[in-house]
Amino acid sequence: MSGTIVNNVARASGTIAATPGGLDWSAAVVTASTVTVEAGRGYFINTTSNACTITLPASAEIGDQIVIADYARTWATNAVTLDSNGLNFQGNDDTYTVNYETVGQSLNIVFSDSTQGWLPVSDDAVGFDHRDPPTQRAIFGFGNTGSATGVTNLVNSSGVIAADVSAVGTARIDIAAVGYGGDKAVFAYGTASDHVNTRNLVNNSGVVASDASGAGTARRDLAASSYGSGLAIFAYGRTGGGNELSMSNLVNSSGVIGSDVTGVGTARTNMGAAGYGGDKGIFAYGQDGGDPYVQSMSNLVSNVGVIGSDVTGVGTARFNISAASYGGDKVVFAFGLTASAGVNVKNLCSNIGVIGSDVSGVGTARYSLAAASYGGDKAVFAYGQADNKSSLKNLVSNTGVVAADVSGVGTARSRLAAAGFSQSA
């Protein structure tokens, strides 16, 4: 081969050009590694399992047309190669290899003449504006009642918290939780008799699985957020030696927690985190070993799970705060502990990751509570520490308004975690 033509378009949207007189589309999706195509036809090429080499006709007439399309949006993983079979392609002879390797690409080629040969009249990548359906229900679990517990409480799609469900797995405190896979959740890390990296998966019916070995450094006082599509990230926290961390662990769509990744930004503990913008995440507030030790900084998480550097926060610096997504693409941070007292302040975060200034909260000022999304576009804060451990809850509307206290159900506790799960009410 004397060269390669890589047609790796970056356009986010486009369509197959009009097909005068219509095309005869192949009835079978092509999954083979090689296929010979005919003029006047369209083909769906599925490269999920392998790359595909497409051999064009050995002879062609002016106006002959062929359309091929990325059936499973996998051309970026397994590319399509065109063999022009003795004819020119875009003025280049058959010694060149022509590759198409863009997700969602569709190629419409027409034969011009012997000089230019086959010419693409469109080779656009069709955008895939897709988000997981929002979670409808939630689960609160684990925490401190005076001693560690493993009980859980389900939240229905109307925000009603149910009675205690008997513990499964090791009772522990200072744990984190997050949704994954679009409709499931995972509790992980925390402190039992010692710091652990244990995880407990929650299925889409809210059933908590028994302990499974985690991944990475055992720690507590961390937080977790969703990102991407069905993915999640645990980050920050502290080890048994009291050392604050900036490491993270990614969670895949099957609930498998990956190994440690060195984080970015100030190592700290007891912050809040949640997903925003449909496919990104944010960690904010917390405490570290510096002076002042209470923080209002934030760190954004990209849609591929990369944590950004520190951004100076807005509003009251605090820790033992909680956060949840609301409105489909925004976040509410609320409650928490300043250097001297619990507060009921809230800060709304926009769908581009900008945290707003303080808004006076409603309900009992407290800290070490948990929060989760429910009902598709709302959120709930519950439990926590005020003068005593509480079972209070505060619902959050789809416009970020925090409601007054409602008596909770189940064991009053603090230092627990919560996450959304289930795409059905």
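Note that the structure is predicted; figures quoted are calculated from it, not measured. (Residues numbered from 1 in each chain as written. Predicted model: local features only at pLDDT ≥ 70, side-chain atom pairs only at ≥ 80, totals over all residues. Heavy atoms only, no water.)

(A) Inspection of the overall build of the chain at higher detail. In terms of helices and strands, the chain carries zero helices and 28 strands. Every one of the 425 residues in the chain was classed for burial, and the buried ones make up 50%. The contacts in the chain between residues at least 6 apart in sequence include a share of 55% that link residues at least 24 apart. Split by element, the accessible area of the chain, about 16,600 Å² in all, is 50% carbon and sulfur. Within the chain, the 31 negative side-chain charges are centred at a point lying 15 Å from the centre of the 22 positive side-chain charges. (Helix = DSSP H or I, 4+ residues; strand = E, 2+ residues; numbered from the N terminus. Buried < 20%, exposed > 50% of the residue type's maximum accessible area, 1.4 Å probe, protein only. Contact = heavy atoms within 4.5 Å. Areas by Shrake-Rupley, 256 points an atom, 1.4 Å probe, with all protein chains shown as cover. Lys, Arg positive; Asp, Glu negative; His and termini not counted. Charge placed at Lys NZ, Arg CZ, Asp CG, Glu CD.)

(B) Looking closely at a nonpolar patch on the surface. Among the surface-exposed residues, Trp25, Val29, Phe44 and Tyr71 lie close enough to one another that they form a single nonpolar patch of about 350 Å² accessible area. Judged by relative accessible area, Phe44 falls into the partly exposed class, the value being 34%. (Patch = residues over 30% accessible without salt bridge, like charges linked within 9 Å, V, L, I, M, F, W, Y side chains within 5 Å. Salt bridge = Lys/Arg side-chain N within 4 Å of Asp/Glu carboxyl O.)

(C) How the structure looks around the sheet that holds strand β14 (residues 184–188). With respect to topology, three strands assemble into an open sheet ordered β13-β14-β15, the strand pairing being antiparallel. The sheet terminates laterally at β13 (176–180) and β15 (199–202), the two strands that pair on one side only. On average, adjacent strands in this sheet sit at an angle of 20 degrees to one another, irrespective of strand direction. In terms of strand pairing, β13 meets β14 through five bridges, oriented antiparallel. Of the residues in β14, the one forming a bridge with Val178 is Val186. (Pairing = 2+ DSSP bridges. Axes fitted to C-alpha atoms, helices over the stretch in contact; angles between N-to-C directions.)

(D) How the structure looks around the confidence of the model for the chain. Residues at a pLDDT of 70 or more form 93% of the chain, whose mean pLDDT is 91. Across residues 8–21, where pLDDT falls below 50, the model places 35 contacts with residues more than four positions away in sequence or in other chains. (pLDDT = per-residue confidence, 0-100.)

(E) How the structure looks around the environment of Ser422. Locating Ser422 in the fold gives a position in the segment after β28 (417–421). According to the relative accessible area criterion, Ser422 is buried, its value standing at 1%. For the pair Ser422 and Asn156, spaced 266 residues apart in sequence, the C-alpha to C-alpha distance is 10.0 Å. Only 2.8 Å separates the side chain of Ser422 from the backbone oxygen of Ser424, close enough to count as a polar contact. (Polar contact = N/O pair within 3.5 Å; in protein donor to acceptor, adjacent residues only side chain to side chain.)

(F) Focus on the sheet that holds strand β26 (residues 378–382). Across the sheet, which stays open at both edges, the three strands sit in the order β25-β26-β27 with antiparallel pairing between neighbours. One side of each edge strand has no neighbouring strand; the edge strands of this open sheet are β25 (370–374) and β27 (393–396). Sheet twist, expressed as the mean angle between neighbouring strand axes with direction ignored, is 20 degrees. Bridge analysis of β25 against β26 gives five bridges, and the strand direction is antiparallel.

(G) A look at unusual backbone geometry. Its identity as a non-glycine residue notwithstanding, Phe142 has a phi of 65 degrees, on the positive side. Within the fold, Phe142 resides in strand β11 (residues 137–144). Backbone geometry places Asp174, a non-glycine residue, at a positive phi of 55 degrees.

(H) Highlighting the packing of aromatic side chains. If you walk through the whole model with that rule in mind, you get 10 aromatic pairs. For the ring pair Phe142 and Phe187, a centre distance of 5.1 Å and an interplane angle of 55 degrees mean the geometry is tilted. Here the residue Phe142 occupies a position in strand β11, and Phe187 occupies one in strand β14, the gap between them amounting to 45 residues. Each ring, one from Tyr189 and one from Phe234, has its centre 5.5 Å from the other, and the planes form 65 degrees; the classification is edge-to-face. Of the two residues, Tyr189 is situated in the loop between β14 and β15 and Phe234 in strand β17 (residues 231–235); the sequence distance between them amounts to 45 residues. Here Tyr189 matches Phe234 in class, with each residue buried. Through a chain of ring-to-ring contacts, the aromatic side chains of Trp25, Phe44 and Tyr71 assemble into a single cluster. Lying across the ring of Phe142, Arg172 places its NZ or CZ 4.7 Å from the centre. Lying across the ring of Tyr326, Lys330 places its NZ or CZ 5.9 Å from the centre. (Phe/Tyr/Trp six-rings, centres within 6.5 Å; stacked < 30°, edge-to-face > 60°. Lys NZ or Arg CZ within 6 Å of the ring centre and 35° of its normal.)

(I) Local environment of the side chain of Thr135. Looking at the secondary structure, you find Thr135 in the loop between β10 (118–122) and β11. Looking at Thr135, the relative accessible area reads 17%, which means it is buried. Ignoring sequence-local partners within four residues, the contact set of Thr135 consists of Gly182, Ser373, Tyr374, Gly375, Gly376, Gly420, Phe421 and Ser422.

(J) Structural detail: the environment of Thr95. Relative to the helices and strands, Thr95 is located in the loop between β7 (80–83) and β8 (96–100). Overall, Thr95 belongs to the partly exposed group, its relative accessible area being 36%. Sequence separation between Thr95 and Ser84 is 11 residues, and the spatial gap between their C-alpha atoms is 9.0 Å.

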